[in-house]
Amino acid sequence: MKYSEYNDDIKKEIYEKYDYLAGIDEVGRGPLAGPVVTCAVVMKKDSHIEGVTDSKKLSRKKMLDLKEKILKDCLAYSYGYANNHKIDQLNIKEATHRAMEDALNGLEIVPDIVLIDAERINTPIPQLNIVKGDLNEYAISCASILAKIRRDDIMINFAKIYPGYHFETNFGYGTKAHYEGLERLGETPIHRQTFLRKFHERQLSFI
């Protein structure tokens, strides 16, 4: 089904036709360091948690509150991961798809349909790929929130292992503080080599 065809009528048809709908989303495609984290979640069909939306629109405090409610209201959830080495080996798109497939395969319930935020993965389960799915589809929004909290927690822990890059606040994205850390301290084992090419080129230009 084409992305543009997803609307309220299609949504109603899907929710009436299928019992178990899995929402899948990813977090962490853009950072210079750390993993991509994906989440697959099967929510109760009558679930309606006030405030659930795209994780990018929520504060960490709000997400933590929603996370607890999502975990209480879901039927199953699972995470998938692609570390920086896998990202460098496969490329970011393929690594993300593999992590999504791992999250889906880790569910204790086999869903009847998979709802994904604008991606298509390798699975025999019927799937619907929705543009801005993390904003427009409830189950994907729930997956987005769980994935975001999990990845943030990972990067906060990495900040303790690799201080000086401000991973606890930038979560590996290319902020000014992160680049300053790279210039002072060099790379860490969690940095994505394929994402640092421009940084390396800039460094070489000063030699």
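- In the nomenclature of an unreviewed UniProt entry, the chain corresponds to Ribonuclease HII from the organism Anaerococcus kampingae.
- A UniProt comment under Subcellular location (unreviewed entry) is attached to the chain, and it reads "Cytoplasm".
- Annotation of the chain in UniProt includes, under Catalytic activity (unreviewed entry), the sentence "Endonucleolytic cleavage to 5'-phosphomonoester."

1. Here's the deal with the overall build of the chain
And step 1. Within the chain one finds nine helices and five strands.
And step 2. Traced from its N-terminal end to its C-terminal end, the chain shows the element sequence α-β-β-α-β-α-α-β-β-α-α-α-α-α.
And step 3. Taking 17 Å as the expected radius of gyration for a compact globule of 207 residues, we find that the chain reaches 18 Å, a close match to that expectation.
And step 4. Overall size of the chain, expressed as C-alpha extent along the three principal axes, is 65 × 30 × 30 Å.
And step 5. Evaluated residue by residue, the chain yields a buried proportion of 48% over its 207 residues.
And step 6. Residue pairs at least 24 apart in sequence account for 63% of intrachain contacts in the chain once pairs closer than 6 positions are excluded.
And step 7. Summed over its atoms, the accessible surface of the chain is roughly 10700 Å², and 50% of this surface lies on carbon and sulfur atoms.
And step 8. A distance of 4 Å separates the average location of the 30 positive side-chain charges in the chain from that of its 31 negative side-chain charges.

2. Focus on unusual backbone geometry
Peptide bonds are trans in most cases, and residues, glycine excluded, mostly fall at negative phi.
And step 1. The phi dihedral of Asn 91 falls on the positive side, at around 100 degrees, and the residue is not glycine.
And step 2. Among the structural elements, Asn 91 can be located in the loop between helix 3 (84-90) and helix 4 (92-105).
And step 3. Phi is positive for Ala 118, which is not a glycine, with a value near 55 degrees.
And step 4. Since its relative accessible area comes to 27%, Ala 118 is described here as partly exposed.

3. Here's the deal with the pattern of salt bridges
And step 1. Within this structure, the stated rule accounts for 11 salt bridges.
And step 2. For the salt bridge of Arg 29 with Glu 119, the shortest nitrogen-to-oxygen distance reads 2.7 Å. Placement of the pair is Arg 29 in the loop between strand 1 (21-27) and strand 2 (36-43) and Glu 119 in the loop between strand 4 (113-117) and strand 5 (127-130), with a sequence separation of 90 residues.
And step 3. By relative accessible area, Glu 119 is classed as buried at 9%.
And step 4. Here Lys 93 ties to Glu 119 by a salt bridge, and the two come within 3.2 Å at their closest N and O atoms. Note that Lys 93 is positioned in helix 4 and Glu 119 in the loop between strand 4 and strand 5, a separation of 26 residues in sequence.
And step 5. A network of salt bridges, in which partner residues are shared, links Glu 26, Arg 29, Lys 93 and Glu 119.

4. A word on the pairing of strand 2
And step 1. By the criterion of burial, strand 2 is predominantly enclosed, with eight of the eight residues buried.
And step 2. By the alternation rule, side chains of strand 2 split into Val 36, Thr 38, Ala 40 and Val 42 and Val 37, Cys 39, Val 41 and Met 43, which are all buried.
And step 3. Of the pairings in the sheet, the one linking strand 1 to strand 2 comprises six bridges and is antiparallel in character. If you follow Ala 22 over to strand 2, its bridge partner there is Val 42.
And step 4. Here eight bridges tie strand 2 to strand 3 (residues 74-82), and the two strands are oriented antiparallel to one another. In the sheet register, Cys 39 faces strand 3, and the bridge partner there is Tyr 79.

What counts and how
- Residues numbered from 1 in each chain as written.
- Predicted model: local features only at pLDDT ≥ 70, side-chain atom pairs only at ≥ 80, totals over all residues.
- Heavy atoms only, no water.
- UniProt positions renumbered as here; feature names shortened; annotations may be inferred.
- Helix = DSSP H or I, 4+ residues; strand = E, 2+ residues; numbered from the N terminus.
- Rg over C-alpha atoms; globule rule 2.2 N^0.38 Å.
- Buried < 20%, exposed > 50% of the residue type's maximum accessible area, 1.4 Å probe, protein only.
- Contact = heavy atoms within 4.5 Å.
- Areas by Shrake-Rupley, 256 points an atom, 1.4 Å probe, with all protein chains shown as cover.
- Lys, Arg positive; Asp, Glu negative; His and termini not counted.
- Charge placed at Lys NZ, Arg CZ, Asp CG, Glu CD.
- Salt bridge = Lys/Arg side-chain N within 4 Å of Asp/Glu carboxyl O.
- Pairing = 2+ DSSP bridges.

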